[in-house]
Amino acid sequence: MTRRFPLALLAAGLVACVTAAAGTTAADGLASARQRGELVVGVPYLAPAPVAGAKIRTPDGLDIAMAEKLAQDLGLPFSLRQVAPADAARLLAAGDVDVVLADRSQPAENPLPAGVAALPTGYAARPKAVIRSDTAMRQPSDARGRSVCMAEAAVGAQALAQGWGAVVRTYRVPSDALVAVREGSCDIGLVDDAVWEPLMRFPEWKKFSATLAADGARHERVWLLPAADTAAQAWLGERMREWSRAGAWKALPAKWARDVAFDVYLDQEVADCHG
């Protein structure tokens, strides 16, 4: 008995060391963030900071939510930096950003910049219309000459509406565009189809649950990483699989819809147009 205890203890210690080493290897996949003490995430669009006294409202899309969740996985604070796709490789190589969120159509239309690897997130969407249920608009062609509203960050939605021949109006945040629809100053609102369904589950959105036939390519958010950093790719790939298993792509859109619905509730100044 006196010999078995030290041997068992030694074995347990070895297991712990191996486990710790494996964890360190995985965590070192984003070593630059750990060394800095902060995760820096590049995003396609970063809204200007609100002026003093301005209302804080939910931004367009899930970029901030995704950056926050990744930072939580690392146990680090995070910051955002606006990064154009053409600048991603340079900023990643310089260590100015740790990862970059980018938009890719399905199938991808453009090749990746040299030196960059794209890792799918599992989140893909395309614009979907929010319309009063008592209107006759049901096809994209019905939007010609109509006012179509969306957040200024929703560049894909803007391009789609322009292709319809619509009058495009952009707003600082998505709730402002949706308030315009509810109050009758805008004919059609556009949000991602991934958040459309959870938004329409709220009773107050029932009479705004008409939409147009699906149109346009689906776009997936991907993480861009240095192509040579295989450790980061392996670590982040496992995190994305875990997010998928945990239902992140239902939970995050549902939270966004809940937050935006509350923003609209706070901001709507008059009763819904036409009662």
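Reading guide: rules and limits
Residues numbered from 1 in each chain as written. Predicted model: local features only at pLDDT ≥ 70, side-chain atom pairs only at ≥ 80, totals over all residues. Heavy atoms only, no water. Helix = DSSP H or I, 4+ residues; strand = E, 2+ residues; numbered from the N terminus. Contact = heavy atoms within 4.5 Å. Areas by Shrake-Rupley, 256 points an atom, 1.4 Å probe, with all protein chains shown as cover. Disulfide = S-S within 2.5 Å. Phe/Tyr/Trp six-rings, centres within 6.5 Å; stacked < 30°, edge-to-face > 60°. Lys NZ or Arg CZ within 6 Å of the ring centre and 35° of its normal. Pairing = 2+ DSSP bridges. Axes fitted to C-alpha atoms, helices over the stretch in contact; angles between N-to-C directions.

*Asks:* Looking at this structure, how should I read the overall build of the protein?
*Replies:* Scanning the protein from N- to C-terminus turns up nine helices and nine strands. Within the protein, contacts between residues separated by at least 24 positions form 78% of all contacts whose residues are at least 6 apart in sequence. When the accessible surface of the protein is split by element, carbon and sulfur atoms take 57% of a total near 14200 Å².

*Asks:* Where do I start with the state of the cysteines in this structure?
*Replies:* A covalent bond bridging the sulfur atoms of two cysteines is what the word disulfide describes. Counted under the stated rule, the structure contains one disulfide. Each sulfur of the disulfide joining Cys149 and Cys186 lies 2.0 Å from the other. What sets the handedness of the Cys149 and Cys186 disulfide is the S-S torsion sign, and at about 115° it is right-handed. Of this pair, Cys149 sits in strand 6 (residues 147-151) while Cys186 sits in the loop between helix 6 (174-182) and strand 8 (188-192); the two residues are 37 residues apart in sequence, bridging distant segments of the chain.

*Asks:* Looking at this model, I keep getting lost on the packing of aromatic side chains. Mind explaining?
*Replies:* A ring pair, where both rings are aromatic, is described by two values, the distance of the centres and the angle of the planes. As enumerated under the stated definition, the model contains four aromatic pairs in all. Taken together, the ring pairs in this structure connect Tyr123, Trp243 and Trp249 into an aromatic cluster. Sitting over the face of the ring of Trp196, Lys128 holds its NZ or CZ atom 4.0 Å from the ring centroid.

*Asks:* Honestly, the sheet that holds strand 8 in this entry has me stumped. Any pointers?
*Replies:* Neighbouring strands of a sheet are bound in pairs by backbone hydrogen bonds; such pairs are parallel or else antiparallel. Spatially, 5-8-6-7 is the arrangement adopted by the four strands of the open sheet, whose pairing is mixed. The open sheet has two edge strands with one neighbour each: strand 5 (127-130) and strand 7 (167-171). Going across the sheet, the axis of each strand differs from the next one's by a mean of 35°, ignoring polarity. The pairing of strand 5 with strand 8 spans four bridges and is antiparallel. Bridging from a neighbouring strand, Pro127 pairs with Asp192 of strand 8. Sheet strands touched by helix 5 (residues 155-163): strand 5, strand 6, strand 7 and strand 8. Its angle to strand 6, the strand with the most contacts, is close to 170°. Strands strand 5, strand 6, strand 7 and strand 8 of the sheet are contacted by helix 6, whose axis makes an angle of about 155° with strand 6.

Note that every value here comes from positions in space, so none of it alone points to a role or purpose.
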